[in-house]
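# Secondary and tertiary structure notes
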Amino acid sequence: QVQLVESGGGLVQAGGSLRLSCAASGRTFSRYVMAWFRQTPGKEREFVAGSRWSGGGTEYTDSVKGRFTISRDNAKNTVDLQMNSLKPEDTAVYYCAAGGSQWHTASTYQYWGQGTQVTVSS
């Protein structure tokens with residue numbers, strides 16, 4: 001059974017930092033695209049950052065470039081999202097996803113975590 005489990009969300013003041021972690025189990029994800037999405041009430045799930053398999057590059061949505069960094073450890077089957085200089089508009093439920101065929105399209109991802117809340121206060 002494939003599982004993605006996120007951790008690290010919470011409440012932080014604007015300008016602060018959080019680190020999200022996603023632990024994958026059930027299969028080896030080293031050849032998969034792994035990504036972070038976020039969602040706020042009433043809106044579609046939004047791509048935040050993604051990582052291809054080892055050496056395959058990363059991708060970020062424009063609003064987080066220079067502030068967020070995605071990293072993965074294929075040996076441990078984990079992918080992290082370091083979020084710095086957080087803004088109130090980063091407030092959302094953040095989801096880990098794996099197996100996407102198109103970076104930005106949530107429907108192409110095969111596996112999803114349960115989500116972790118990130119709240120940034122002004």
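For the structure, see preceding data.
We now turn to the structure provided with this report. (Residues numbered from 1 in each chain as written. Predicted model: local features only at pLDDT ≥ 70, side-chain atom pairs only at ≥ 80, totals over all residues. Heavy atoms only, no water.)

Of all hydrophobic cores here, the largest spans 27 residues; its most connected members are Leu4, Trp36, Leu81, Met83 and Tyr94. Looking at this core, the elements that each hand over two or more residues are β3 (18–25), β4 (34–39), β5 (46–51), β7 (68–73), β8 (78–83), β9 (92–98) and β11 (116–121). Setting aside residues no more than four positions away along its own chain, Met83 makes contact with Gly16, Ser17, Leu18, Leu20, Arg67, Phe68, Tyr94 and Val118. Grouped together as the second largest cluster of nonpolar side chains are seven residues, Val33, Phe47, Trp103 and Tyr109 included. (Core = buried A, V, L, I, M, F, W, Y, C linked by side-chain atoms within 4.5 Å. Buried < 20%, exposed > 50% of the residue type's maximum accessible area, 1.4 Å probe, protein only. Helix = DSSP H or I, 4+ residues; strand = E, 2+ residues; numbered from the N terminus. Contact = heavy atoms within 4.5 Å.)

Further remarks concern the side chain of Arg72. Summarising the element assignment, Arg72 is placed in strand β7. Buried and unpaired, Arg72 has no salt bridge, with Asp73 as the nearest side chain of opposite charge at 8.4 Å. A distance of 2.9 Å separates a polar side-chain atom of Arg72 from the backbone oxygen of Tyr32. Within the structure, the side chain of Arg72 is placed 2.9 Å from the side chain of Asn74, a separation counted as a polar contact. For Arg72, the contacting residues outside a window of four places in its chain are Phe29, Ser30, Tyr32, Val33, Met34, Ser51, Arg52, Trp53, Thr78 and Val79. (Lys, Arg positive; Asp, Glu negative; His and termini not counted. Salt bridge = Lys/Arg side-chain N within 4 Å of Asp/Glu carboxyl O. Polar contact = N/O pair within 3.5 Å; in protein donor to acceptor, adjacent residues only side chain to side chain.)

Looking now at the pairing of β4. For β4, a buried count of five out of six residues is recorded, marking the element as mostly surrounded by other parts of the structure. For β4 and β5, the ladder comprises five bridges, and the chain directions are antiparallel. In the strand pairing of β5, Met34 is matched with Ser51. Linkage of β4 to β5, two consecutive antiparallel strands, is achieved through a turn of six residues, within which Gly42 is found at a positive phi near 85°. (Pairing = 2+ DSSP bridges.)

As a further point, take the state of the cysteines. Counted by the stated rule, this structure contains one disulfide. Two residues, Cys22 and Cys96, share a disulfide whose sulfurs are 2.1 Å apart. On the sign convention where negative means left-handed, the S-S torsion of about -75° between Cys22 and Cys96 marks this disulfide as left-handed. Residue Cys22 is located in strand β3, and its partner Cys96 is located in strand β9; the two are separated by 74 residues in the primary sequence. Judged by relative accessible area, Cys22 falls into the buried class, the value being 0%. (Disulfide = S-S within 2.5 Å.)

Once that is clear, we can look at the environment of Ala14. Within the element layout of this structure, Ala14 appears in the loop between β2 (10–13) and β3. The exposure class of Ala14 is partly exposed, given its relative accessible area of 40%. Spatially, the C-alpha atom of Ala14 lies 30 Å from that of Val33, the residues being 19 residues apart in sequence. With residues near it in sequence (within four places) discarded, Ala14 still touches Leu86, Pro88, Val120, Ser121 and Ser122.

Just geometry here; none of it tells us what the structure is for.
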